[in-house]
Amino acid sequence: MTDGEAPRGPRPDHAFAHASEAEFARILDFYQVEWEYEPQVFPILWDLDGNVLESFAPDFFLPELELFVELTTLQQRLVRKKNRKVRRLRELYPGLRIKLFYARDFRALMLKYGRAALVSELSGTLGQVMTHEEDTEPSAPAGLEPESDVNGHPIDRADAGSSASGESIPVHRRRSRAARRHGGRRSNAGSAPVSPVT
Amino acid sequence: MRVSQDLVSDVSEVLLTEEQIAAKVVELGQQISADYAGRQLTLVSVLKGSLPFMADLMRSISLPLRIDLMEVSSYGGTTTESSGLVRILKDLSAPIEGRDVLLVEDIIDTGLTLNYLLRYLRGKNPRSIKVCALLDKPARRLVEIPLDYVGFQIPDAFVVGYGLDFGEVYRNLRFVGVLRPEAYES
């Protein structure tokens, strides 16, 4: 989004990198599924000295389901890189469960919930949102070229850390309404009004 | 949303014919009758989509049984936007404590609704709780829940009919079919 351009689509007051992620978080909140946003970074490529060259931070972790979810609302022909990363992640971390939600899946989800009209606003480059949280470093829109870590190595999220030791690193730990009920930290999933559970 | 007066013309492909559905429901009913013989079975149907399936399934089960109905709000529905949380729009009319409950669903897609319902129903202390779904669409499954009885596993397509709707329409089709994109893209 360029300076002075009006934001399109919902404007989540939480630092999601993409409007589709905010919508997805609202759906999880609605069904009271606990979630964390980009809680871990997984190194997926190292140089011969063991330094991390490439990392991958899936968008969501659903702790109760022990499932990572990666959303991409780019057109199918543009997701080859994302597919490769997910494949690599599965090879390197075989115990890890990750679900890749493609644009068609997101579209079908919106259709199912009667929100098909929002699809174009929440998808692809139109769905990019700017982040404003002070504790959040600049983040890249989902699906764009990976940005670099402190060593200039590509990461699938600019706000994700990396580790030369090859261990995954917790970065952001934003927790859902369900987590808050259990004493965790709550994040606002987006622009939808929220009322206490009755 | 553009709906034809002839609902069938909005369907691009019949996925499951009326006859296929009927045969499968009988098969499920026989299996359930055998599995629950001598037990106190309560069928719990989730409105509105599972209504035709429930009506046919209960008549295919040869055991004494009770039925009950529930309805939960769906994400994006007008009745839910004030809270942002799923709500029970219609609760059970009788206790299920100590009873064997079979939750009857039309379709399992992401599993989010089913996950919520099972948590809710388990809180009412049934003796057992199992799931019977006419359609299983695993392509977008988020919550992996074992389905005890499944009619058909279907591909990743937007289906309507036999209780399944788009915008509250098409539920009265006697078959399950794939909705033409023109019907929901307009």
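Just so we're clear, the structure is a prediction, and the values are computed from it rather than from any experiment.

A. Representation of the overall build of chain A. Helix and strand counts for chain A stand at five helices and nine strands. Walking chain A from its N terminus toward its C terminus, one meets helices and strands in the order α-β-β-β-β-β-α-β-α-α-β-β-β-α. Each of the 198 residues in chain A was classed as buried or not, and the buried ones make up 54%. Intrachain contacts of chain A at a sequence separation of at least 6 include 62% that bridge at least 24 residues. Total accessible area on chain A is roughly 9,200 Å²; 50% of this is exposed by carbon and sulfur atoms.

B. Summary view of helix α3 (residues 103-112) of chain A. Residue and element names in this part refer to chain A. Burial of α3 is extensive: seven of the 10 residues sit out of reach of the surface. Taken together, the buried positions of α3 are occupied by Ala103, Asp105, Phe106, Ala108, Leu109, Met110 and Leu111. With its phi angle positive at about 70 degrees, Gly114 sits one or two positions after the end of α3.

C. Focus on the nonpolar core. Counting 47 residues, the largest nonpolar core has Phe24, Tyr31, Phe60, Leu62 and Val69 of chain A together with Leu112 of chain B as its most contacted members. The next biggest cluster of nonpolar side chains, apart from the first, holds 29 residues, and it includes Leu16, Ile21, Ile32 and Cys132 of chain B.

D. Focus on the sheet that holds strand β4 (residues 88-90) of chain B. Residue and element names in this part refer to chain B. Pairing is mixed across the open sheet formed by six strands, whose spatial order is β4-β3-β2-β5-β6-β7. A single partner strand is all that each edge strand has here, and the edge strands are β4 and β7 (149-153). Sheet twist, expressed as the average angle between the axes of neighbouring strands with direction ignored, equals 30 degrees. Pairing geometry for strand β5 (residues 100-108) and strand β6 (residues 128-136), over eight bridges, is parallel. Paired with Leu102 across the bridge in β6 is Lys130. Strands in contact with helix α1 (residues 18-35) are β2 (41-47), β5, β6 and β7; relative to β7, the strand with the most contacts, it is inclined by about 160 degrees. Seen against the sheet, helix α2 (residues 51-60) touches β2, β3 (65-72), β5 and β6 and runs at an angle of roughly 160 degrees to β2.

E. Inspection of the packing of aromatic side chains at higher detail. Going through the model one piece at a time under the given rule, you end up with 17 aromatic pairs over all chains. Seen in terms of ring centroids, Phe158 of chain B and Tyr184 of chain B are 5.8 Å apart; in terms of plane orientation they differ by 50 degrees. Their pairing is tilted. Taken as a pair, Phe158 of chain B in the loop between β7 and β8 (159-160) and Tyr184 of chain B in helix α4 (residues 181-185) lie far apart in primary sequence, 26 residues in all. As far as the burial class goes, Phe158 of chain B and Tyr184 of chain B line up, both buried. One aromatic cluster is present, formed by Phe16, Phe24, Trp35, Tyr37, Phe60 and Phe101 of chain A through successive ring pairs.

F. Quick peek at the pattern of salt bridges. The full count for this structure, using the stated rule, is 20 salt bridges over all chains. Close ionic contact of Arg39 of chain B with Asp100 of chain B constitutes a salt bridge, the shortest N to O distance being 3.1 Å. Of the two residues, Arg39 of chain B is situated in the loop between α1 and β2 and Asp100 of chain B in strand β5; the sequence distance between them amounts to 61 residues. Under the relative-accessibility criterion, Asp100 of chain B is labelled buried at 2%. Of the charged contacts in the structure, one is a salt bridge between Asp136 of chain B and Arg141 of chain B, with a shortest N-O distance of 2.4 Å. By relative accessible area, Asp136 of chain B is classed as buried at 9%. Residues joined by salt bridges that share partners form a network here, namely Asp105 and Lys112 of chain A together with Asp109, Arg140 and Asp156 of chain B.

G. Structural detail: the packing of α1 of chain B against α2 of chain B. Residues and elements named next belong to chain B. Close contact between α1 and α2 brings their axes to 8 Å; oriented N to C, the two are set at 50 degrees. When the axes of α1 and α2 are compared, the pair comes out oblique. Classified by chirality, the crossing of α2 by α1 is right-handed. Here α1 contributes Val25, Val26, Leu28, Gly29, Gln30, Ile32 and Ser33 to the contact with α2, which in turn contributes Phe53, Asp56, Leu57 and Ser60. Tallied by class, residues from the contact of α1 with α2 come to six nonpolar, four polar and one charged.

H. The arrangement of the side chain of Glu21 of chain A in detail. Within the secondary structure, Glu21 of chain A sits in helix α1 (residues 19-30). Here Tyr37 of chain A takes part through its side chain, which lies 2.3 Å from a polar atom of the side chain of Glu21 of chain A.

Conventions we followed
- Residues numbered from 1 in each chain as written.
- Chains lettered and ligands numbered in written order.
- Predicted model: local features only at pLDDT ≥ 70, side-chain atom pairs only at ≥ 80, totals over all residues.
- Heavy atoms only, no water.
- Helix = DSSP H or I, 4+ residues; strand = E, 2+ residues; numbered from the N terminus.
- Buried < 20%, exposed > 50% of the residue type's maximum accessible area, 1.4 Å probe, protein only.
- Contact = heavy atoms within 4.5 Å.
- Areas by Shrake-Rupley, 256 points an atom, 1.4 Å probe, with all protein chains shown as cover.
- Core = buried A, V, L, I, M, F, W, Y, C linked by side-chain atoms within 4.5 Å.
- Pairing = 2+ DSSP bridges.
- Axes fitted to C-alpha atoms, helices over the stretch in contact; angles between N-to-C directions.
- Phe/Tyr/Trp six-rings, centres within 6.5 Å; stacked < 30°, edge-to-face > 60°.
- Salt bridge = Lys/Arg side-chain N within 4 Å of Asp/Glu carboxyl O.
- Parallel < 35°, antiparallel > 145°, perpendicular 65-115°, else oblique.
- Left-handed = near helix turned anticlockwise from the far one by under 90°.
- Nonpolar A, V, L, I, M, F, W, Y, C, P; charged D, E, K, R; others polar.
- Polar contact = N/O pair within 3.5 Å; in protein donor to acceptor, adjacent residues only side chain to side chain.

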